Amino acid sequence: MNAQLQEKILAVTHSGVDRAECTGFFRVALGLHYLAGLMTKETLDFKQIDRDFNRFIYHTIGKGHSITSILQYMSGEKVVRVVESKRFLKAFAEHCTDVPVENIPFLLGLNLGVAKDISKIDVRGPVADYIERQRQLREETDAN
């Protein structure tokens, strides 16, 4: 995790209007970058990657948070409010051009799939509903 990526995530974070929104923006921007980074054919050193992300998380929002807790957050209902926020989408598109906004539903689906495999939880719910709505919107757009 380099300084440039940290600056991008912090720029998105600062687009929030209060502490709760800023924290949500931080979690989602960071989680999307983490998930996008998994999309490679290269062998990944997860211990090092997680250590780097966890250090940044600790320095930004404090103890008690980790990449694991951020990915859990991204499996829950609160993530939908963030990814449907026009302010978040605008800031993310502006500052995080390396992860296209149109990839958000795919990355959230990837995260849900991993959560299901690890914890055997039922992935039906608000995030799955959001992903399905986005798929339908994309299909309608492609048809026109």
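Anyway, here's the lowdown on the structure attached to this text. Quick caveat: nothing in here was measured; it's all calculated off a predicted structure.

Here is what the cut-offs are and how they apply
- Residues numbered from 1 in each chain as written.
- Predicted model: local features only at pLDDT ≥ 70, side-chain atom pairs only at ≥ 80, totals over all residues.
- Heavy atoms only, no water.
- Helix = DSSP H or I, 4+ residues; strand = E, 2+ residues; numbered from the N terminus.
- Contact = heavy atoms within 4.5 Å.
- Core = buried A, V, L, I, M, F, W, Y, C linked by side-chain atoms within 4.5 Å.
- Buried < 20%, exposed > 50% of the residue type's maximum accessible area, 1.4 Å probe, protein only.
- Axes fitted to C-alpha atoms, helices over the stretch in contact; angles between N-to-C directions.
- Parallel < 35°, antiparallel > 145°, perpendicular 65-115°, else oblique.
- Left-handed = near helix turned anticlockwise from the far one by under 90°.
- Nonpolar A, V, L, I, M, F, W, Y, C, P; charged D, E, K, R; others polar.

A few words on the environment of Ile 49. For Ile 49, the location among the structural elements is in helix 3 (residues 46–61). Sequence-distant contacts of Ile 49, that is, excluding residues within four places in its chain, are made with Tyr 34 and Leu 44.

Counting 34 residues, the largest nonpolar core has Leu 30, Val 79, Phe 88 and Phe 92 as its most contacted members. Contributing elements (two or more residues each) for this core: helix 1 (3–13), helix 2 (19–37), helix 3, helix 4 (67–73), helix 5 (78–83), helix 6 (86–95), helix 7 (104–119) and helix 8 (126–143). In terms of residue count, helix 2 provides more of this core than any other element does, eight residues in total. Contacts of Leu 30, omitting those with residues within four sequence positions, involve Met 1, Ile 9, Phe 53, Phe 56, Ile 57, Ile 67 and Ile 70.

We now examine the packing of helix 2 against helix 6. Contact geometry for helix 2 and helix 6: axes closest at 11 Å, N-to-C directions at 45°. One way to sum up the angle between helix 2 and helix 6 is to call them oblique. The handedness of the crossing between helix 2 and helix 6 is right-handed. Only Arg 87, Phe 88 and Phe 92 of helix 6 make contact with helix 2, whose side of the interface consists of Glu 21, Phe 25, Val 28, Ala 29, Leu 32 and His 33. Considered class by class, the residues forming the contact of helix 2 with helix 6 number six nonpolar, one polar and two charged.

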